[in-house]
Amino acid sequence: MMMVVVQLWETLKETIKAYTGLSPAAFFTVLALAFAVYHVVSGFFASPEEHRPRSAEVYPQSEPLPPPVQLGEITEEELKQYDGSDSKKPLLMAIKGQIYDVSQSRMFYGPGGPYALFAGKDASRALAKMSFEENDLTGDISGLGPFELDALQDWEYKFMSKYVKVGTIQKKDEEGKEKTEDSTNTGEEASATTVGETSRSVEEKTIQTIEKKDVADGDAAKEE
């Protein structure tokens, strides 16, 4: 059996050398390269289905995101509920008081993402300064420089073009309180004015009565 195999190998070598002029090693090297080239070239002309990644077949496609829900005006405390901790709720974020649905970018703004701490908040100041400090996670942009305001404007344009606006943050009622105090003061001043006018009116009537009495007494004295 061994002799037969050796005879066949010797015959094959002589045939390869006779027909190709190459040594068996060179011949098989060329054959391997040709096979590799064929495999690469055939890949360009194969249908996309044949080269579909296995991951797409093994793992089902993720469910489409529900359409954004308009929330209207909500408080900052209510906005915190949409920080991505509840997967059933949309992922929201605010810039300059305007709330956007960023659910489609959950890999960035959701839990574990590089910008996760911005979710559920108005992060205007942090975005303007590119800061991840806790005290910058606020919508207060007072004191920012022109370059920081320009950076914030760029972020706002990006959000306006990419995400859907779903609401606004309710402003704190500081002005209302001031107006209430003003109205209270105005009422007190009005009351004081009324009391003062009433007192003056009583005094004037009293003086007039005394003057009339003096006149009457004078006339009576003249008649006597």
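Residues numbered from 1 in each chain as written. Predicted model: local features only at pLDDT ≥ 70, side-chain atom pairs only at ≥ 80, totals over all residues. Heavy atoms only, no water.

Which residues make up the pairing of strand 2 (residues 92–95), and what values do they have?
Here strand 2 shows two buried faces, one formed by Leu-92 and Ala-94 and the other by Met-93 and Ile-95. In textbook terms, the turn of a hairpin is the stretch between consecutive antiparallel strands, and for strand 2 and strand 3 (residues 98–101) this stretch comprises two residues, one of which, Lys-96, has a positive phi near 55°. (Buried < 20%, exposed > 50% of the residue type's maximum accessible area, 1.4 Å probe, protein only. Helix = DSSP H or I, 4+ residues; strand = E, 2+ residues; numbered from the N terminus. Pairing = 2+ DSSP bridges.)

So, the sheet that holds strand 1 (residues 72–74): which residues are in play, and what are the values?
The sheet built from four strands is open, its strands ordered 1-4-3-2 with mixed pairing. In this open sheet, the two strands that pair with only one neighbour each are strand 1 and strand 2. Neighbour-to-neighbour, the strand axes of the sheet open up by a mean angle of 40°, direction not taken into account. The pairing of strand 1 with strand 4 (residues 164–169) spans three bridges and is parallel. The residue of strand 4 that forms the bridge with Gly-72 is Gly-167. Across the sheet, helix 7 (residues 146–162) lies against strand 2 and strand 3, angled at about 135° from strand 2, the strand it touches most. (Axes fitted to C-alpha atoms, helices over the stretch in contact; angles between N-to-C directions. Contact = heavy atoms within 4.5 Å.)

Could you give an account of the pattern of salt bridges, naming the residues involved and the relevant values?
Throughout the structure, instances matching the rule amount to four salt bridges. A salt bridge links Arg-125 to Asp-136; its shortest N-O distance comes to 3.8 Å. Of this pair, Arg-125 sits in helix 6 (residues 124–129) while Asp-136 sits in the loop between helix 6 and helix 7, placing them eleven residues apart in sequence. When sorted by exposure, Arg-125 lands in the same class as Asp-136, which is buried. Between Lys-129 and Asp-136 there is a salt bridge, and its shortest N-O distance comes to 3.4 Å. Owing to a relative accessible area of 7%, Asp-136 belongs among the buried residues under this scheme. If you follow the salt bridges from partner to partner, you end up with Arg-125, Lys-129 and Asp-136 in one network. (Salt bridge = Lys/Arg side-chain N within 4 Å of Asp/Glu carboxyl O.)

Residues and numbers for the side chain of Arg-125, please.
What makes Arg-125 buried here is its relative accessible area of 16%. What Arg-125 contacts, discounting residues up to four positions off in sequence, is Asp-136, Thr-138, Asp-140, Ile-141, Ser-142 and Leu-144.

Tell me about the packing of aromatic side chains, and please be specific about residues and values.
For the structure on display, the rule yields nine aromatic pairs. Between Tyr-100 and Phe-159, the aromatic rings sit 5.8 Å apart at their centres with planes inclined by 70°, giving edge-to-face as the arrangement. Remark: Phe-159 occurs in helix 7 and Tyr-100 occurs in strand 3; sequence separation between them is 59 residues. Residue classification places Tyr-100 among the buried positions, given a relative accessible area of 4%. Aromatic side chains Tyr-115 and Phe-132 sit 6.3 Å apart centroid to centroid with 10° between the ring planes, which places their arrangement in the stacked category. In this pair, Tyr-115 sits in the loop between helix 5 (106–109) and helix 6 while Phe-132 sits in the loop between helix 6 and helix 7, placing the two residues 17 residues apart along the sequence. The class for Tyr-115 is partly exposed, based on a relative accessible area of 23%. Each member of the aromatic cluster is reached from another via a ring pair, and the members are Tyr-100, Tyr-109, Tyr-115, Phe-118, Phe-132, Trp-155, Phe-159 and Tyr-163. Just above the ring of Tyr-82 sits the side chain of Lys-89; from NZ or CZ to the centre is 5.7 Å. (Phe/Tyr/Trp six-rings, centres within 6.5 Å; stacked < 30°, edge-to-face > 60°. Lys NZ or Arg CZ within 6 Å of the ring centre and 35° of its normal.)

Break down the confidence of the model for the protein for me, citing the residues and quoting the values.
On average, the protein scores 76 in pLDDT, and the residues at 70 or more come to 60%. Note that pLDDT drops below 50 for residues 176–184; the model gives that stretch zero contacts with residues more than four away or on any other chain. Counting contacts from residues 220–224, a segment whose pLDDT is below 50, to residues more than four positions away or on other chains yields zero contacts. (pLDDT = per-residue confidence, 0-100.)

Can you break down helix 7 residue by residue, with the values?
Here helix 7 contains 17 residues, and its C-alpha end-to-end distance of 24 Å stays within 8% of the 24 Å for a straight helix at 1.5 Å per residue. Looking at helix 7, one finds that the buried residues are Leu-152, Trp-155, Glu-156 and Phe-159. For helix 7, the angular spread of buried residues about the axis comes to 100°, placing them on one side. Among the exposed residues of helix 7, those pointing more than 90 degrees away from its buried face are Pro-146, Phe-147, Asp-154, Tyr-157 and Ser-161. (Expected span 1.5 Å × (residues − 1). Arc of directions from axis to C-beta.)

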